[in-house]
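Chains, contacts and geometry: an overview
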Amino acid sequence: MFVDLAVSAVALAGWFAVYGAIRFATRPANPTPAPATMELGDEPPALVNMLANRWTVTEDAAEATLLDLAARGFVELRQPGDDPMQTTLHLPASPPDESGLRPYERRVLDRVRGLAAGGALPLTALTFRDQGQARAWNRRFRAEVVDHAREAGLSRRRFGPRVTALLSAAALVAAVFVWLAVTHYGLSHPAGDTRGLAAGFFTFAVLSTLAAATPGERDTPRGAEVAARWLGVRDWLRGHEQFAELPPASVAIWDRYLGYGAALGTTHLTSALLDLGMGDRKLVWSSYGGTWHRVRVRYPHRSHHGRTLPGLLLRAVIIGGPAVFMLKLFGPVADPTPTSDYPGARAFSMVIFSLVVVAGLMLTRAVYTVVRAVVDPFTERTITGEVLWVQVWKSTAHGKNMPSRPWLYHLAVDDGSGDRTTAWGLPSQWAGDCHDGDTVTIRVRPWSRRVVAFAVVGHGRSRNLTEPVTHPSEMSAGPESPAYLITPEEIGQALGLAVHAPEAVDLPGPFTGVQFRAAGDGQPVLTIQAVSGTAAQWIWRLNSRGQEVPGVGDGAYLLGERAVLRLGDRTLLVTLLGAARTRTASLPWLLTQAATRASADRPETTG
């Protein structure tokens, strides 16, 4: 039996070794950039994006295509004020001839036209509302870009016909060895030959299916040459410091350079504002080190990741205890080659032997877990970097009618060591202390991927990358901040929940905001957003409905868990969150406190 198993294992291992070697040999090239140049080529931005990212179409390809369509006159980008978030898309009355558009360019243009009402569309309305639709649109867009790259001779399948034929032939050889091994093992059984044939056929079907599934695209000689030239264009664009901060509407000045800059990853502000539903937590913007760049993030998911030392030891006991019991119970009687003539003896012995093997593997895993868990604290290291992503990882359920409570978060940090990183497990007590763009110092345990010490050492910019974050200690100094309007004591009295001091919420454009978190679980329970000027009038018109609250400020309305308050040329939005959503009866009193303090205590400003 052991010989038969060894033959099958060697055959399968041999095929996967060949498969791995071919994957390594066919990996996309990493061309050396040509000298920096401002000369653009004939390739459209989507193709350039693919070539500059080692033959992978990233989320920037669609955004770059939209900018290129704007540069060519198919759409117009207008920014009415100082805030790039207010940019709008407009369809020209007489667009250029569309006969030369590629399918993926037409796809982007059709989406703009399909969403535009009266020929105009807010930039932020381009996003998808259904994740399934976003994935399908993204998949078709990328397939059309790949088709164009192949047609232009810039790309080819990573596994071509010859490679697929070689892997299929190797799969056939492996399947034959598996067939012979299983047949030899089952010669004493009347159905042995049939089982061997079935095992061989199944092996060939699985391996040949893997061989036919190409893992993406790779370079061609011409593609590598063109990619090197475009990498030179990227270096030239990076030499202009202001280029990274250009808003989308600047396409009217920079023409097609802005679209190509987005394709090459050099227009951080424009790329951050444009969103065609291509957002991906595995590819995140980072400014750590002084330059904007994308970082690929991997999220650990194994059972030992994120756990504490006691938790790991307990897990080892849970795995190792039953293993020791099974070994003591079945180990002495395990015999893979019984001599009894009883018909069921062979099957029974195989079951016992399998249990012993499984128990041995469990015990090995338990011992390995104990060793690694004990060594892990001695390999701790300290990392300083920029927060890329914070997201709930593991939660504890509290019953059918109770929301689950997160106890561990994924924390992705760019420490500047490369363009790839792996997220850490961040305990929930620290999750509310950092925001995207903050600089943090963490002490971590590498094997368990757990954060054991955490400190914010610098406040950064939020993910919209348009407005600086205000430190909580500085909020009271600014006359536009709503932090002083309602005190934590008043919120605690109204909601029946103790809350922490206000902390800034990074909002786009002219908005400023603060939020209050419950002292117990640290979850947000109330936010206050303020806006002045023309935007305040627009927000007031949008929200001045529902139940009117007379005699408060210059007007106030309740809309479920949200309330709107007008104070001169300012408009305030007060929103209940989380556990406070149902306590809407407290909103009128809170609005009264805000209006009173705004008229009596607000700092004087001079013109």
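Not measured: the values here are computed from a predicted model. Once a new chain begins, its residue numbering starts again from 1 and follows that chain's sequence as written. Totals for whole chains, interfaces and linings use every residue, but because this is a predicted model, local features are given only for residues with pLDDT of at least 70 and side-chain atom pairs only at 80 or more, for both listing and counting. To get the side-chain values, all heavy atoms of the structure are used, and hydrogens and water are removed first.

1. Quick word on the overall build of the protein chain
Filter applied, for reference: Note on conventions: DSSP H or I runs of at least 4 residues are helices, E runs of at least 2 residues are strands, and numbering of each starts at the N terminus. Note on classification: 1.4 Å probe, protein chains only; a residue is buried when its accessible area is under 20% of the maximum for its type, exposed when over 50%, partly exposed between these limits. We call two residues in contact when some of their heavy atoms are within 4.5 Å.
Per the secondary structure count, the protein chain includes 17 helices and 20 strands. Among the 607 residues that make up the protein chain, the fraction classed as buried is 45%. A separation threshold of at least 6 residues defines the contact pool for the protein chain, and within that pool the share at least 24 residues apart is 66%.

2. Some details on the packing of aromatic side chains
Going by this rule: Ring pairs shown here join Phe, Tyr and Trp side chains whose ring centres sit within 6.5 Å, with only the six-membered ring taken for Trp; geometry is labelled stacked below 30 degrees between planes, edge-to-face above 60, and tilted in between. Only lysine NZ and arginine CZ atoms are considered, and such an atom sits over a ring when it is within 6 Å of the ring centre and within 35 degrees of the ring normal.
For the structure shown, the criterion picks out 10 aromatic pairs. Between W236 and Y257, the ring centres sit 5.7 Å apart and the planes meet at 45°, which makes this aromatic pair tilted. One end of the pair, W236, is in helix 8 (residues 221–238); the other, Y257, is in helix 10 (residues 256–263), with 21 residues separating them in the sequence. A centroid spacing of 4.8 Å and a plane angle of 70° characterise the contact between F243 and W254, whose relative ring orientation is edge-to-face. With F243 in the loop between helix 8 and helix 9 (251–254) and W254 in helix 9, the pair connects residues that are 11 residues apart, well separated along the chain. Like F243, the residue W254 is buried in the burial classification. Members of the aromatic cluster, each reached through a chain of ring pairs, are W15, F16, Y19 and F159. When the ring centre of W424 is taken as origin, the NZ or CZ atom of R449, which lies over that ring, is 3.5 Å away.

3. Here we look at the environment of E503
The following threshold applies: Pairs of N or O atoms are called polar contacts if they sit within 3.5 Å, as long as, within protein, a hydrogen donor faces a hydrogen acceptor (for residues adjacent in sequence, only side-chain-to-side-chain pairs).
Among the structural elements, E503 can be located in strand 14 (residues 503–504). Linking E503 and F516, residues 13 residues apart in sequence, is a C-alpha distance of 6.7 Å. Within the structure, the side chain of E503 is placed 2.8 Å from the side chain of Q515, a separation counted as a polar contact. A distance of 2.9 Å separates a polar atom in the side chain of E503 from a polar atom in the side chain of R517.

4. Side note on the pattern of salt bridges
Which entries qualify depends on this criterion: Criterion for a salt bridge: a side-chain nitrogen of Lys or Arg within 4 Å of a carboxyl oxygen of Asp or Glu.
Tallied over the full model, the rule gives 15 salt bridges. Across the salt bridge formed by E151 and R102, the nearest N and O atoms sit 3.3 Å from each other. Taken together, the positions of E151 in helix 5 (residues 131–151) and R102 in the loop between strand 2 (88–90) and helix 4 (103–115) put the pair 49 residues apart, joining distant regions of the chain. What makes E151 exposed here is its relative accessible area of 59%. We note a salt bridge from R234 to D235, for which the minimum N-O separation is 3.8 Å. Using a relative accessible area of 17% as the deciding quantity, one classes R234 as buried. Several salt bridges share partner residues, and in doing so they unite D68, R72, E105 and R256 into one network.

5. Focus: the packing of helix 3 (residues 60–71) against helix 4
Axis angle and axis distance: for two packed helices, these are the angle between their axes and the distance between the axes, and together they describe the pair. Basically, it comes down to this: In this description, a line fitted to the C-alpha atoms serves as the axis of each element, helices being fitted only across the stretch in contact, and the angle between N-to-C directions of two axes falls anywhere from 0 to 180 degrees. In these notes the angle categories are as follows: under 35 degrees is roughly parallel, over 145 is roughly antiparallel, 65 to 115 is roughly perpendicular, and the rest is oblique.
Where helix 3 contacts helix 4, the two axes come as close as 10 Å, and the packing angle between them is 80°. Between helix 3 and helix 4, the interaxial angle falls into the category roughly perpendicular. Of the residues in helix 4, those in contact with A62, T65, L66, D68 and L69 of helix 3 are Y104, E105, V108, L109 and V112.

6. A few points about the nonpolar core
The condition is simple: Only buried residues count toward a nonpolar core. Its members are Ala, Val, Leu, Ile, Met, Phe, Trp, Tyr and Cys residues joined through side-chain atoms within 4.5 Å.
Counting residues in each nonpolar core, the largest one holds 54 residues, and the members touching the most others are L66, V75, L89, F141 and V145. Among the secondary structure elements, those contributing two or more residues to this core are helix 2 (45–52), helix 3, helix 4, helix 5, helix 8, helix 9, helix 10 and helix 11 (268–273). The element contributing the most residues to this core is helix 3, with 8 residues. Other than its neighbours up to four places away in sequence, V145 contacts A46, L47, M50, V57 and Y104.

7. Observations regarding the sheet that holds strand 2
Formally: Strand pairing is defined by DSSP finding a minimum of two bridges between the two strands.
Strand order in the open sheet formed by 3 strands is 1-2-3, with antiparallel pairing between adjacent strands. One side of each edge strand has no neighbouring strand; the edge strands of this open sheet are strand 1 (76–78) and strand 3 (120–122). Across the sheet, the axes of successive neighbouring strands diverge by a mean angle of 25°, strand direction being ignored. Relative to strand 3, strand 2 runs antiparallel, the two being bridged by 3 bridges. Bridge pairing in strand 3 places H90 opposite A120.

8. Some points on the layout of surface pockets
Definition in use: A 1.4 Å probe that fits into a set of points on a 1 Å grid over the protein atoms alone but cannot get out defines a cavity; an open set with protein on both sides within 12 Å along at least five of seven lines defines a pocket, and lining residues are those with an atom within 4 Å of a point. Grid points are joined across faces, edges and corners, and a volume is the space filled by probe spheres set on the points. When residues are grouped by polarity, Ala, Val, Leu, Ile, Met, Phe, Trp, Tyr, Cys and Pro land in nonpolar, Asp, Glu, Lys and Arg in charged, and all others, Gly among them, in polar.
When its volume is computed, the second largest pocket comes out at roughly 1,100 Å³. Along the walls of the second largest pocket sit 35 residues, with A52, N53, R54, T58 and R296 positioned nearest its centre. Examining the composition of the lining of the second largest pocket, we find that 4 residues originate from one element, helix 2, more than from any other. Looking at the lining of the second largest pocket residue by residue, the classes come out as 15 nonpolar, 8 polar and 12 charged.

9. Some words on the confidence of the model for the protein chain
The following threshold applies: Every residue carries a pLDDT, the predictor's confidence in it, which falls somewhere between 0 and 100.
Scored by pLDDT, the protein chain has a mean of 81; 84% of the residues are at 70 or more. Low confidence marks residues 461–479, where pLDDT is under 50. Its contacts with residues over four positions away, or in another chain, come to 53 contacts. For residues 601–607, every residue scores under 50 in pLDDT, and the model assigns this stretch 9 contacts once sequence neighbours within four places are set aside.

10. Looking at a nonpolar patch on the surface
The cut-off we apply is this: Put simply, a patch holds well-exposed residues, over 30% relative accessible area, that have no salt bridge, with like charges counted together within 9 Å and Val, Leu, Ile, Met, Phe, Trp or Tyr side chains within 5 Å. Surface exposure here means Shrake-Rupley accessible area, sampled with a 1.4 Å probe, where a residue is shielded only by the protein chains that are shown.
A grouping of L12, F16, F202, V206 and L210 is seen on the molecular surface, where their side chains present a nonpolar patch of about 440 Å² in accessible area. Within the residue set of the nonpolar patch, elements represented by two or more residues are helix 1 (2–25) and helix 7 (192–212). Tallying contributions element by element places helix 7 first for the nonpolar patch, with 3 residues. Counting through the fold element by element, F16 comes out in helix 1.

11. Observations regarding unusual backbone geometry
For R54, which is not a glycine, the phi torsion comes out positive at approximately 55°. When its relative accessible area of 37% is taken as the criterion, R54 is described as partly exposed.

12. Focus on the packing of helix 2 against helix 3
To be explicit about the condition: By definition, any crossing whose near helix is turned counterclockwise from its far helix by less than a right angle is left-handed, and any crossing with a clockwise turn is right-handed.
Helix 3 packs onto helix 2 with a crossing angle of 150° between their chain directions and a minimal axis gap of 8 Å. Judged on the interaxial angle alone, helix 3 and helix 2 are roughly antiparallel. Helix 2 and helix 3 meet at a crossing whose hand is right-handed. Of the residues in helix 3, those touching helix 2 at P45, A46 and N49 are D60, A61, A64, T65 and D68.

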